[in-house]
Each structure stands twice: as structure tokens, then as C-alpha cells.
Amino acid sequence: MSPTPMPGLTNMSREHMICSKCGEGFEPQEKIVNSTGQLWHQQCFVCAQCFREFRDGVFYEFDGRKYCEHDFHVLFAPCCNRCGEFIIGRVIKAMNASWHPSCFRCEMCSIELADTGFIKNGGRALCHECNAKVKARGLGKYVCHKCHSIIDDQPLKFRGEVYHPYHFTCTACGVELDANAREDMNELYCLRCHDKMGIPICGACRRPIEERVVTALGKHWHVEHFACAKCEKPFFGHRHYEKKGLAYCETHYHQLFGNLCFVCNQVIAGDVFTALNKAWCVNHFACSVCDQKMNQKTKFYECDLKPVCKKCYEKFPAEFRRRLRRQHEAATPKKASTPT
Amino acid sequence: MSKAKKVLEEARELQNPEMDLCDRGIGTFEELSGLLNMTYITRLTLSHNKLKSVPPGLANLTNLEILNLSNNLIEELPLSLSSMPKLRILTLTINRLYNLPRGFGAFPVLEVLDLTYNNLKDSSLPGNFFMMETLRALYLGDNDFERLPPDIKNLKNLQILVLRENDLIELPGEIGDLPRLRELHVQGNRLTILPPEIGNLDMASNKSVFKFEGNEWVPPIADQLQLGVSHLMDYLRSETYRVLYSRYQTNKPPVPPPCVDKAKKVSRIR
Ligand SMILES: [Zn+2]
Ligand SMILES: [Zn+2]
Ligand SMILES: [Zn+2]
Ligand SMILES: [Zn+2]
Ligand SMILES: [Zn+2]
Ligand SMILES: [Zn+2]
Ligand SMILES: [Zn+2]
Ligand SMILES: [Zn+2]
């Protein structure tokens, strides 16, 4: 059923021409209609139903007969079940009716169904998506906004829609998500990462800390990211030393700040005694000869930049004291803490 | 004798881990009965006594971290000391040591070794002396060293090296390989030139001390020292000095005579 409108005109030798309808010849000057290689008297080239000329020469042929557009539609063409108009061209036969392709639409969302297929659901033609939704609703379930199939397990809600969780991965760690995933600032995170957000974010790499958390310098750190500011070696639980918001290994703290006690070689936590190019903790500031504790007010002598209490100095061999005195005189006088 | 005994008894009662036995007239460890069983003590100070020797059994004090034997009459040490597992500070200032026992350098954790004012010389040191990698400070002032072996470079943690008033004729360039050295005392020796490697040391920083007076420095070095330690360090690193130093190597400046009269040292008394 593919009608071909065919306006006719001729320019052939008339003696041999006959009308395809009545078989008679043509009068000279008579108008001859030529259509699809055949000739007609003008009065013969009419609709087989209403016998009227074809408007604009347009006709439709069915079963060897020609019809005008109107009669052809009335007699043979299907009507669209939606708009009631005749369907010329592609007819969609569905739901026991005919449809223009553009009129056959999902009854819920009105999307065209001609090319995507449809599902009959309770006397309605529905797209797969809507069908799934209806079905899911009936089952008390959701339909995934991405793949449009029913979500059998727990759905993942994201930006107001529901999804199969497995369509997403965690923004922080990349793991495939499950329904426990959390939305934060329009991003999805696995529960572990989300739980750790806001609290333990590594001060070095800025990512959530999933395993052991080191808390130091007022921040949290991955164990392997808490490292000496100088040599960048992680402390891995070894002692570290803090200075001006940075952490250092013992070697570099000492190298940079030199605040280890000369006796115990530990970083001095409390008060520091500084003298003779060295530092001491309160407990260890003592005479280097007799180990008696000294304090800020104790007067002491100096020998090779070690503190010597007065009693001990007086026990030094006289010739040694003489030499030490001579040396002090030779060197520029600079040690205010050293009585002479 | 009774004085020391009283102190020991009191200390035992209090279980005080720090034992002060200074200036008690102690002549021998035998006067300190029971001391070697007090294994909990961490510090033992026996300064200003009259001890002539140290018994090997002292090493029984396995918790000892600090042993101070300053100003005694000790002529010999037992090798056992160097096996003490926690000994960090050993002070032997003002004694009469001419030698150290063979194998003495085996201390596992020694950090400070003070041998000031003894009679040690180049040959006094055992072969493994410079294997003490944990050493932070080595005091060898007032001894009789003329030269130090290049092995000194093994003391990677050394921060303080005192060589005051020895008979040093030259310093090994390997001192320049001690990355943490921040105190170098070489006053009162017989030095004339310095190895250019000394220029590697960070002696010009305000955390460092370089004591150099009382040597017969060649004029170019004396001039730089006049200007300051940082000038000397720059100079030692210069190409000029490198050339000068190699010339000095083939044509050494005369060795100055000893500048310290050691005959009066009490450590010499036999
Ligand atoms: Zn229609
Ligand atoms: Zn739909
Ligand atoms: Zn889906
Ligand atoms: Zn994650
Ligand atoms: Zn990190
Ligand atoms: Zn470091
Ligand atoms: Zn201390
Ligand atoms: Zn003292």
C-alpha cells in the first residue's frame, strides 16, 4: 500500500492512443491524461468511488483502481488510535490499534515508543522504564535511574534519584559503592571514607585515614605520611621532636636545633640550661667532675667547655689550673657565666 | 673507710640508683663491699679518691649508664668495662693512664668518653678505638698524642673532639669527614698547617666552636684566624690554599717544639 500521486500530461501521436479505462480513442485537441505510462480521457481519470477528478492529479491506487485521497482513506487507510487522522506512511500496529509513529507514546511519560519498544501493562503501553517503575512500585521497590531496571537490593539515593549502588565508586578510595554509601557535597563516598571525613584527614596527603591514625602537631596523619620535615623519613612510631609546627627525627632535630641534653641526649622538655655551647635538662645540669647537680645560680668553672664546680676546680692539680687560667686569658673573654 | 661504708648502706636502704662516693678517701674497691652486687645502680661517681685500679667485676653493674672516676690514680683499666651494655658516659679525667686495654673500643652504647689529663699517646689506643660509632664526645685533652689515625672518620656521630694541649704535629684530613662535629679544640699543640678537608666542617656556625690558640700556624692561616673562623674556613676551601697545602706537603714547615711543660703533670708521677 504505497500510493503514488501522478499528475499526467502527454505529447504522443493520437491515432494509436486509447484510454486505459474506456478503450476509446481521443479527439483531436482533447486533453489526454498520462499517468504511470497509461493514458486516459480526462473524464475517465477519476476516483473509482466518487467519480470526481483527482484534486491536483493526486490519486491512490488499490487493487487496480484509483481513488481520491479522501475515498482511499475512507475505504482503505487506517486511522491513528490517538489523533483519529488517517495514517499515511509508517503505521504502528500495537495494542490492537494503529498509530502514527509520533502518536504511539508511553502513557506515563509520553516518550515515543515506535523505535524503543514497549510493554503492555494493565492495558497501557509503557516504556521499559515506566513499566519497571510501576512494577517496582507494586513490589515496593525502586527502579535505577541509570539502567532503568528494578533495584532488588537496597537502592543508593543520590541527588534526588535512586540507583543501583554498583554504578558508582567512592570519590576518595575508588571502591565500588554499596547502599551504605554517603553523599557529601554532591559527591559519593563509601561509608568508611565518609565516616572518616571531617575528622581524620591526613595532614600530608589530605586523604581520609582508613587505618592507623597518628595524631601529632594538632593534625592527623597516615602512619606512613608522618615523617621528618628534614629527611622525610616516616617515624613509624619512633620518637619525633616538634618545633614550630614541624616534626623532626632525633638526628635532624638535633642537627637543626641542638636542644638535646648533653648528659641524657634526650630532647629537653621543660627548663633548659644553656651554657658552654651545650644544653642540659634540669635533672642533668651537674658538675662534669663530681656529678653534683647545679642550678642557675651555681657558679662554675669551665674546662674544655664542660662545667666544673668550684670544689672540683680547687681539687684540680695546681699546674693544670694554671694552664687553664692562662688559656682563658688568651682566649677572648666571652663566657659571662664563668667566674675567674 | 667507714664514711664510704655508711654511704653504701644508706644507698642500699633507699635503693637509690645514683651512687655518689666522691672524695671519701677510697683507695680500693675492696673498701666498697657489696657495691658490685648493687646491680640496680645507673650512676656511680667515685671522683676525688685514691683508686689505683678498677676491678673487672665492676662490669657486673649492668645497669650502669654513667661511671665517673675523675681525679684518681688509675693506671690501668679492665677490658670488661667495654662490655657494659648500658654505659653511656665514662669519665676518667685526671688519672694516670698510659695505655688502654686491647679491645677497649667495643663499648656498645658509649656516648661520652672523657680521658682528659692522662698520659695517652699515639700507641696507647687499641686498634678498635675508633669503632665506637655511638660516641658523641671524645675528650683527649692533656695527653701526649702527636698524630691521630685516619680511622677517626669512623666516629660518625662525633660532635665534640678535644685535643687541647697534646703534642699534635698534624691533624688527619679525615676529621673533615665527621659530619656532626661542632666542637673542635686543638689549642696548645704543635700544629702549623691544617688539612683542607677541615674546610668541610661547619665550624663557622654559631653552634660551633673551634679553639685553635697556642699553635705555630703558618702566616696565611694565622692571618685568616685573625679575621675569624669563617674566614679560615673559606680559605681552607679555596684553590689558593689547596696549592699552598700541597707545597707544604713536600716542603713541611719546621715542627715546633712542645709548648707545654708536661713534666709537672701529676699524672706523670709514678
Ligand atoms: Zn495520529
Ligand atoms: Zn514512559
Ligand atoms: Zn541501574
Ligand atoms: Zn572510600
Ligand atoms: Zn596521608
Ligand atoms: Zn630526619
Ligand atoms: Zn638530661
Ligand atoms: Zn664538681
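Just so we're clear, the structure is a prediction, and the values are computed from it rather than from any experiment.

What counts as what
- Residues numbered from 1 in each chain as written.
- Chains lettered and ligands numbered in written order.
- Predicted model: local features only at pLDDT ≥ 70, side-chain atom pairs only at ≥ 80, totals over all residues.
- Heavy atoms only, no water.
- Helix = DSSP H or I, 4+ residues; strand = E, 2+ residues; numbered from the N terminus.
- Buried < 20%, exposed > 50% of the residue type's maximum accessible area, 1.4 Å probe, protein only.
- Areas by Shrake-Rupley, 256 points an atom, 1.4 Å probe, with all protein chains shown as cover.
- Donors = N, O, S within 2.8 Å, 3.2 Å for Na, K, Ca; no water.
- Tetrahedral: all angles 85-135°; square planar, octahedral: opposite > 155°, others 65-115°.
- Core = buried A, V, L, I, M, F, W, Y, C linked by side-chain atoms within 4.5 Å.
- Contact = heavy atoms within 4.5 Å.
- Phe/Tyr/Trp six-rings, centres within 6.5 Å; stacked < 30°, edge-to-face > 60°.
- Lys NZ or Arg CZ within 6 Å of the ring centre and 35° of its normal.
- Pairing = 2+ DSSP bridges.
- Axes fitted to C-alpha atoms, helices over the stretch in contact; angles between N-to-C directions.
- Buried area = accessible area lost by both parts, 1.4 Å probe.
- Salt bridge = Lys/Arg side-chain N within 4 Å of Asp/Glu carboxyl O.
- Polar contact = N/O pair within 3.5 Å; in protein donor to acceptor, adjacent residues only side chain to side chain.
- Nonpolar A, V, L, I, M, F, W, Y, C, P; charged D, E, K, R; others polar.
- Parallel < 35°, antiparallel > 145°, perpendicular 65-115°, else oblique.

(A) Broad picture of the overall build of chain B. Tallying secondary structure elements over chain B gives 4 helices and 9 strands in all. Along chain B, from the amino end to the carboxyl end, the secondary structure elements read α-β-β-β-β-β-β-β-β-β-α-α-α. A buried classification covers 57% of the 270 residues belonging to chain B. Looking at chain B as shown, the accessible area adds up to about 11100 Å², and 50% of this sits on carbon and sulfur atoms.

(B) Quick peek at the coordination of the zinc ion (ligand 8). Residues and elements named next belong to chain A. The coordination sphere of the zinc ion (ligand 8), as far as protein atoms go, consists of Cys 287 (SG), Cys 290 (SG), Cys 309 (SG) and Cys 312 (SG), spread over 2.1 to 2.3 Å. Considering all 4 donor atoms around the zinc ion (ligand 8), angles at the metal cover 102 to 115° and the coordination shape is tetrahedral. The motif formed by the donor residues of the zinc ion (ligand 8), counted along the single chain, is C-x2-C-x18-C-x2-C. We note that Cys 309, like Cys 312, is buried.

(C) Representation of the nonpolar core. By size, the foremost hydrophobic cluster in this structure holds 79 residues, and its most contacted members are Leu 44, Leu 113, Phe 129, Leu 138, Leu 194 and Phe 210 of chain B. Listed by contribution, the elements that provide at least two residues to this core are helix H1 (2-14), helix H2 (219-227), helix H3 (229-237) and helix H4 (239-250) of chain B. When residues of this core are assigned to their parent elements, the largest contribution, 5 residues, is made by H3 of chain B. Not counting residues within four places of it along the chain, the set of residues in contact with Leu 113 of chain B comprises Leu 90, Phe 104, Phe 129, Met 132, Leu 135, Ala 137, Leu 138 and Tyr 139 of chain B. Core analysis: the next-biggest nonpolar cluster, separate from the first, contains 38 residues, Cys 264, Tyr 301 and Cys 309 of chain A together with Val 162 of chain B among them.

(D) Geometry of the packing of aromatic side chains. Tallied over the full model, the rule gives 26 aromatic pairs over all chains. Taken together, a centroid distance of 5.0 Å and an interplanar angle of 85° make the contact between Tyr 163 of chain A and Phe 168 of chain A edge-to-face. Look at Tyr 163 of chain A and you get buried, because its relative accessible area is 12%. Seen in terms of ring centroids, Phe 320 of chain A and Tyr 117 of chain B are 4.9 Å apart; in terms of plane orientation they differ by 45°. Their pairing is tilted. With Phe 320 of chain A in helix H6 (residues 318-330) and Tyr 117 of chain B in the loop between strand E5 (112-114) and strand E6 (137-139), this residue pair bridges two chains. In this arrangement the basic side chain of Lys 278 of chain A is found over the ring face of Phe 262 of chain A, its NZ or CZ atom lying 5.6 Å from the centre.

(E) Spatial organisation of the sheet that holds strand E4 (residues 89-91) of chain B. All names here are of chain B. The sheet built from 9 strands is open, its strands ordered E1-E2-E3-E4-E5-E6-E7-E8-E9 with parallel pairing. Sheet topology places strand E1 (18-20) and strand E9 (209-211) at the edges, where each strand pairs with a single neighbour. Going from strand to strand, the sheet's axes swing by 5° on average, the running direction of each strand aside. Relative to strand E2 (residues 43-45), E1 runs parallel, the two being bridged by 3 bridges. Looking across to E2, one finds that Met 19 is bridged to Leu 44.

(F) Broad picture of the interface of chain A and chain B. The interface is formed by 34 residues belonging to chain A together with 46 residues belonging to chain B. At the boundary of chain A with chain B, total buried surface from both sides reaches about 3000 Å², with 48% on carbon and sulfur atoms. Interface area lost by chain A to chain B is led by Asn 277, Asp 304 and Arg 323 of chain A, which between them contribute 19%. Taking the shortest distance from any N to any O, the salt bridge between Lys 293 of chain A and Glu 18 of chain B comes out at 3.7 Å. Taken together, chain A and chain B are joined by 19 residue pairs in polar contact (both at pLDDT 80 or more). Counting residues per element, the ones that place at least two in the side of chain A that touches chain B are helix H4 (250-257), strand E21 (300-303), helix H5 (310-315) and H6 of chain A. Broken down by class, the residue content of the side of chain A that touches chain B amounts to 17 nonpolar, 8 polar and 9 charged.

(G) The pattern of salt bridges, seen in detail. Evaluated as defined, the whole model comprises 29 salt bridges over all chains. A salt bridge links Arg 88 of chain B to Glu 111 of chain B, with the nearest nitrogen and oxygen atoms 3.3 Å apart. You can see Arg 88 of chain B sitting in the loop between strand E3 (66-68) and E4 and its partner Glu 111 of chain B sitting in the loop between E4 and E5, a full 23 residues away along the chain. What makes Arg 88 of chain B buried here is its relative accessible area of 12%. A salt bridge links Lys 262 of chain B to Asp 144 of chain B; the nearest nitrogen and oxygen atoms lie 3.3 Å apart. One end of the pair, Lys 262 of chain B, is in the segment after H4; the other, Asp 144 of chain B, is in the loop between E6 and strand E7 (160-162), and 118 residues separate them in sequence. By relative accessible area, which is 6% here, Lys 262 of chain B ends up buried. Look at Asp 144 of chain B and you get buried, because its relative accessible area is 14%. Each of Asp 304, Glu 319 and Arg 323 of chain A together with Asp 142, Arg 164 and Glu 165 of chain B takes part in salt bridges that share partners, so that together they form one network.

(H) Representation of the coordination of the zinc ion (ligand 7) in the model. All names here are of chain A. Summarising the metal site, the zinc ion (ligand 7) is bound by the protein donors Cys 261 (SG), Cys 264 (SG), Cys 281 (SG) and His 284 (ND1), whose distances to it range over 2.0 to 2.3 Å. Read in sequence order, the donor residues coordinating the zinc ion (ligand 7) give the pattern C-x2-C-x16-C-x2-H. A residue pair is termed long-range when its members are at least 10 positions apart, and Cys 264 in the loop between H4 and strand E19 (272-275) and His 284 in the loop between strand E20 (278-281) and E21 qualify at 20 residues. By relative accessible area, Cys 264 is classed as buried at 15%. Taking relative accessible area as the criterion, His 284 reaches 24% and is therefore assigned partly exposed.

(I) Molecular detail of the packing of H3 of chain B against H4 of chain B. Residue and element names in this part refer to chain B. For the pair H3 and H4, interaxial distance at closest approach is 5 Å and the crossing angle is 70°. Overall, the two elements H3 and H4 adopt an arrangement that is roughly perpendicular. Along its contact with H3, which presents Tyr 235, Leu 236 and Arg 237, the element H4 presents Glu 239, Tyr 241, Arg 242 and Leu 244. In terms of residue class, the contact of H3 with H4 is built from 4 nonpolar, no polar and 3 charged.

(J) Highlighting the pairing of E19 of chain A. Residues and elements named next belong to chain A. The two faces of E19 differ: Phe 273 and Ala 275 on one face are buried, but Val 272 and Thr 274 on the other face are not. As paired elements, E19 and E20 share 4 bridges and run antiparallel to each other. In the strand pairing of E20, Ala 275 is matched with Lys 278. A loop of 2 residues connects E19 with E20, the two strands running antiparallel in sequence, and Leu 276 in this loop sits at a positive phi of about 55°.

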